[in-house]
Amino acid sequence: MTKPDRVATPPVVPTADDLLTQAATRLDVAKHQVERALAEANIALTTPAPADRRLRILRLRVDGTKHDGEPFTIDRPFEPGIWAIVHPENSAGKTSLLEFLVWPLRGAPRDLPPGVQSWIRTLRLDLVVAGKPTRITLQQIPGLLPPISVDILTADTVQALLAAADDDSLRLVAKGSGTDDVERVIGSFFLDALRMERTSLWSATGGADGEGAPQVHGWPAYFGACYLNAGGDELLLGDVSAPGLPAKLLELFVDIPYSTAHAQLSVAVKGRAKTTRQAQRRAEGDLHARSAERAQWQVQLDLLQQEIQELSGAPEADIAPLLQRADQAAQELHRLRMSLNDAAQSLADATAARVGAEQAQLDAQETWQARRVLGRLNPSCCPRCEEPVSDERRAAERDRATCAVCTRPLPEVAEDIAEAVLEQLTTDIATAQEAETAAAAHHIAVQAAADAAVTAHQQATEAVSSALAASPAHVRLRELELMAAELKGRLAATGTASPVAPTVSAIPDVLGAVHQLVEATVKASADYLFPTMDAEIVSLSSQFGVQHLNSVTLKRNGNVNPVKEGVKHPFKKLSRGDRLRMRVATVIALLRAGAARHIDSHPGLLLIDSVAAEEMTADAARRLIGELQTLTRELPELQVVFTTAQPDLVEGLLPEDHIITRNSEHLF
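If you're wondering where the values come from, they're calculated on a predicted model, not measured in any experiment.

Enquirer: How should I be thinking about the pairing of strand β14 (residues 639-644) in this particular structure?
Expert: One face of the sheet, then the other: side chains in a regular strand alternate in exactly this way. Among the six residues in β14, six count as buried, and that is most of the element. As paired elements, strand β3 (residues 81-86) and β14 share six bridges and run parallel to each other. Across the sheet, Ile85 pairs through a bridge with Thr643, a residue of β14. The pairing of strand β13 (residues 605-608) with β14 spans four bridges and is parallel. Bridge pairing in β14 places Leu605 opposite Gln639.

Enquirer: Could you clarify how one ought to interpret the sheet that holds strand β12 (residues 567-568) in this entry?
Expert: Consider a sheet: its strands pair through backbone hydrogen bonds, and that pairing is either parallel or antiparallel. With antiparallel pairing, three strands are arranged side by side in an open sheet as β10-β11-β12. Of all the strands in the sheet, the pair left with one neighbour each is β10 (549-551) and β12.

Enquirer: It is not clear to me how the environment of Leu303 should be interpreted in this structure. Could you clarify?
Expert: Following the sequence through the fold, Leu303 ends up in helix α9 (residues 259-312). Taking C-alpha positions, Leu303 is 79 Å from Asn550, a pair spaced 247 residues apart along the chain.

Enquirer: Explain unusual backbone geometry to me, please; I cannot follow it from the model alone.
Expert: Glycine aside, a negative phi is what most residues show, and trans is what most peptide bonds show. With an omega dihedral of -10°, the bond running from Leu145 to Pro146 counts as a cis peptide bond. Assignment of secondary structure puts Pro146 in the loop between β5 (132-140) and β6 (148-154). In this structure, Arg195 takes a positive phi of about 55° despite not being glycine. Along the polypeptide, Arg195 turns up in the loop between α6 (179-193) and β8 (199-203).

Enquirer: Please clarify how the sheet that holds β3 should be interpreted in this entry.
Expert: Spatial strand order, β13-β14-β3-β15: four strands in an open sheet with parallel pairing. Looking along the sheet, the strands with just one partner apiece sit at the ends: β13 and β15 (659-660). In the sheet, β3 pairs with β15 via two bridges, with the strands oriented parallel. Bridging across to β15, Ile85 finds its partner in Ile660. Against the sheet, helix α17 (residues 618-634) contacts β3, β13 and β14, and its axis sits at roughly 145° relative to β3.

Enquirer: What is the right way to look at the pattern of salt bridges in this model?
Expert: Note that side chains of opposite charge can pair when their charged atoms are close. Considering all chains together, one arrives at 20 salt bridges under this definition. Two residues, Arg490 and Glu486, come together in a salt bridge whose shortest N-O distance is 2.9 Å. Linking Arg490 with Glu486, this pair stays in helix α14 (residues 476-493), spanning four residues, or about one helical turn. Through salt bridges with shared partners, a single network forms among Arg124, Asp126, Arg135 and Asp167.

Enquirer: It is not clear to me how the environment of Ala344 should be interpreted in this structure. Could you clarify?
Expert: The residue Ala344 is located in helix α10 (residues 320-365) in this model. Residue class for Ala344 comes out partly exposed when judged on its relative accessible area of 35%. Put simply, Ala344 and Asp363 are 19 residues apart on the chain and 29 Å apart in space, counted from C-alpha to C-alpha.

About the criteria used
- Residues numbered from 1 in each chain as written.
- Predicted model: local features only at pLDDT ≥ 70, side-chain atom pairs only at ≥ 80, totals over all residues.
- Heavy atoms only, no water.
- Buried < 20%, exposed > 50% of the residue type's maximum accessible area, 1.4 Å probe, protein only.
- Helix = DSSP H or I, 4+ residues; strand = E, 2+ residues; numbered from the N terminus.
- Pairing = 2+ DSSP bridges.
- Contact = heavy atoms within 4.5 Å.
- Axes fitted to C-alpha atoms, helices over the stretch in contact; angles between N-to-C directions.
- Salt bridge = Lys/Arg side-chain N within 4 Å of Asp/Glu carboxyl O.

Interpretation note: all reported values are geometric properties and have no functional meaning in isolation.
Structure (structure tokens):
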């Protein structure tokens, strides 16, 4: 077929350094600040270089046991070109055989029946991945936990790989066990080997809050550009339904420069925008709540200030006389308490004197001799040497009438003298008793006066308290003023009622500037490549049997926007057959666009199940297969594997050794 000539000039793709410099100039910052901001967002901007993403299947070997115990073996070599898996009967194993290729390539089968999957014991796929001879070995051992494992091995040459009947002579690259781990190990291997990164796309309704979140897609999503969807699927490319993913598959496999960085920047910019929106909403919510609180506080403050003003204007009672009386009562109480202490001491002294006089009289009456009376002299020491008189000598003087000083016998005392002494002692006792009685009466009088002073002081104090309690300026006014001061403090601490914009770092500005520059680069490349692909898709789709197709417009969002008979038809509204034909046409156009620029951005492997099952006539199906065969001649490394239940579609069209079939009921 004749390909349309390009009339547009290929855009000049700037280097990563050019973009960083332009962003720095636009923002008037240093280039290292732009690089740091990108690094903080975990974005690495590198100059795009053509990547070798070719996949070439060499050999498929499968060993297993069917549900009835019958063992089976598959050993199928593959070469570049187009291959057809053909059998006229349903459930003959066409899709299963195709899925045996899909499983080790994708990490998990897509449409392999669980029963057939359980038959597999060992599945080995030899292939070349970006020029590296590789073997992927899957093993299933019933009863083992986990039951499935994978080994990814490599050899120095294709010949060495194919000559290795088992895996022992090959070098182990990676391994895993368990369904999830097998898919992860295979996915990571292909991403690394084909120089691809996981794509992060923004989902506007994602996240726990439903306000958007990034969704990360890996190798299974990319593999959808190799294993084409059936006609019933509504996606143009890929088998993962996610907003923007078909567009990213197009950009990636047609080698739009900076496609991955563009997706990362888009997610980062939208994520920052979401954070800013949420911060603004929180600030507005806080402001609304604060405004409501402030309004309530202001109402309370106004009421308090009104009450304070009313109480401040009320007349005050004069409590100065009461305070004076209370002070006088306190002074009188203090004086009487001092007098009471003195009276108590005088009473104690008088009582001691009376007790002493009574004791002296008792001592005089206990002796029959006047020496006891004379002993009242009671010397304390020797008059010569001043040696103290001991208690023992005093006792001897009383008992034996010996002098307490010299220990000599005391002289006899005259009776009249003793009587005079005893009479004097009696007089002393009477005098002491009178003094004690007077002291006791005085103490009682002072005690009564002190008690009266206590009562007077209490009454004066209560009068002052009552007067203060009745005064609005002392208690209530003070309480109101404290409450008003607290409310004023709250109002001052919460600031003004105007909203405060959330603080935003400089990173969004940098991300936004770089995103705009990358967006312009991506758009320029898409505007150059997509129009040529549009013409190719229209031409191929018409040949494949899409009737009345006027035009298509391939968009970067993954839509093709076909126009039939002058009316726009969304891709998902097309018939199942038209969707399959246009899907195949799009991939062919994508491959040719890459070949025209001498790049291998697409893996160069196409898998199609039931190529003619979707309302396709035999002539249209043969034209589609013929065009695929023509494409394999244009691209010698390309491999196409499809299934069909119509042997006549490939008879005379494909070489016999590229038709996988069997004359029995099943293919294996």
